[in-house]
Amino acid sequence: MTTDLVPVSQAPSPLVATIARAARNAWAISPFGEGIEQYAGLPQHVLSDEPHRQLRRYLGPKPHSKPRPVLLVPPQAVGTNCYDLRPGQSLAAHLVGRGHATYVVDYGEMTFADRRMGFEDFIDDIIPGAVRRVSEEHDGAPVDIVAWSLGGTCSLLTAAAHPTLPIASITAFGTPIDYRLIPAVQPLRYLDRVVGSDVMTLPTGLMGGVPRHLTRAMFRAMAPTRELKKPLFLAQNILDTETLARTTAIDNFIGAMPGYPARLYHQIHTRLMCRDELAKGVVNLSHNRTVRLAAIRTRVLLVGSRTDAIGPGPAVQAGTRSVPGARYAAADGLSHLGLIAGPKAAEVSWPILDAFLDEA
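All of these numbers come straight from a predicted model, not from anything done at the bench.

1. Regarding the sheet that holds strand E2 (residues 54-58)
Item 1. Strand order in the open sheet formed by 8 strands is E1-E2-E4-E3-E5-E6-E11-E12, with mixed pairing between adjacent strands. Each having just a single partner strand, strand E1 (44-48) and strand E12 (327-330) make up the two edges of the open sheet. Within this sheet the neighbouring strands show an average axis-to-axis angle of 25°, counted without direction.
Item 2. Where strand E5 (residues 143-148) meets strand E6 (residues 167-173), 6 bridges bridge the pair, whose relative direction is parallel. Its bridge partner being in E6, Val143 is matched across the sheet by Ile167.
Item 3. Sheet contacts for helix H4 (residues 150-161): strand E3 (70-73), E5, E6 and strand E11 (299-304); angle to E5, the most-contacted strand, approximately 140°.
Item 4. Sitting on the sheet, helix H15 (residues 350-357) is in contact with E3, E5, E6, E11 and E12, with an inclination near 165° to E6.

2. Remarks on a nonpolar patch on the surface
Item 1. Together, Tyr190, Leu191, Val194, Val195 and Val199 make up a nonpolar patch on the protein surface, roughly 460 Å² of accessible area in all.
Item 2. The leading source of residues in the nonpolar patch is helix H5 (residues 186-195), at 4 residues.
Item 3. Mapped onto the fold, Leu191 is located in helix H5.
Item 4. Judged by its relative accessible area of 39%, Leu191 falls in the partly exposed class.

3. Focus on the nonpolar core
Item 1. Counting residues in each nonpolar core, the largest one holds 53 residues, and the members touching the most others are Leu71 and Phe119.
Item 2. At 8 residues, helix H3 (residues 119-137) tops the list of elements feeding residues into this core.
Item 3. Setting aside chain neighbours within four positions, we find Phe119 in contact with Leu150, Thr153, Cys154, Leu157, Leu264, Gln267, Ile268, Leu272 and Leu285.

4. Details of the pairing of E6
Item 1. The element E6 is extensively covered by neighbouring structure, given that 7 of its 7 residues are classed as buried.
Item 2. Between the parallel elements E5 and E6, the chain passes through H4 in a crossover that is right-handed.
Item 3. Bridging between E6 and E11 involves 5 bridges; their strand directions are parallel. By the bridge assignment for E11, Ser169 is matched with Arg299.

Conventions we followed
- Residues numbered from 1 in each chain as written.
- Predicted model: local features only at pLDDT ≥ 70, side-chain atom pairs only at ≥ 80, totals over all residues.
- Heavy atoms only, no water.
- Pairing = 2+ DSSP bridges.
- Helix = DSSP H or I, 4+ residues; strand = E, 2+ residues; numbered from the N terminus.
- Axes fitted to C-alpha atoms, helices over the stretch in contact; angles between N-to-C directions.
- Contact = heavy atoms within 4.5 Å.
- Patch = residues over 30% accessible without salt bridge, like charges linked within 9 Å, V, L, I, M, F, W, Y side chains within 5 Å.
- Areas by Shrake-Rupley, 256 points an atom, 1.4 Å probe, with all protein chains shown as cover.
- Salt bridge = Lys/Arg side-chain N within 4 Å of Asp/Glu carboxyl O.
- Buried < 20%, exposed > 50% of the residue type's maximum accessible area, 1.4 Å probe, protein only.
- Core = buried A, V, L, I, M, F, W, Y, C linked by side-chain atoms within 4.5 Å.
- Right-handed = clockwise from strand over helix to strand, strands pointing away.

Spelled out as structure tokens, the structure:
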């Protein structure tokens, strides 16, 4: 009599399992892999789709319950995924979950053909148009604007240039007002004094702006330590799937950055960085036109962090001296992107926004 021997499956040893996990993660983050995490983003509905002003609404499982809609305004040269980075790091999902009807305006790609676009295109046309459309969708209700970085600059200038727009409030995360207080900008200011603005902006004028690849390199250069230590950091965390997912999400965000139009970049360089016009409260645009921050009539909250290398807290807080009634709230310990999409934003900066939106 013989008995068939059936092999009993055995779980791999802890060492083998660890090696296998490390190999899977290494492959996923390599140029040949599909990434640690596939995040398609929140479902969205397109309300209007015109060049450089696509307006979308984020969809949630439940109808909105808050009385006022929210419009997310991104910076130029940044994709709208800054507001919907990944699970747990999505300000859009947070707002929708709290019952806000939440919209976003998308500028899309910027090419050489867009080189003449400047602040006026955004503050007189694109952002006012989005505000009016969102307000109309809610029977004329005023709109709460939530913006990040240069998106906050444009939102403030929009409110100043058009004080009758239906804007209930503006919350600006990491929006610098006084560029004299940004260490990273000082070399540019010094060179501008030496050679002049015309020479400083000549290359971007010839290129039609700041190309997307240069924009991405500039953003990475703002955190040189992170970039230098990145290979070692990835190796040290090769078994930590969550950490790898956060890191690759940031890399994907940077990799999708569009560029700046030439005229807009020139205005940023001359008006904001070198002439400190935001800090002085008066921004001079084309054809002898000025925009005065003193004309802003809506509630304004400025949120900043001392550990933000691009818009340090003191540079953001300076807005309380330029914008009537503006308040400042510190979210120290967060980076520039971390203010709206960092792993600690839900604990540190988002509650500040929630309290402000619930005030009125």
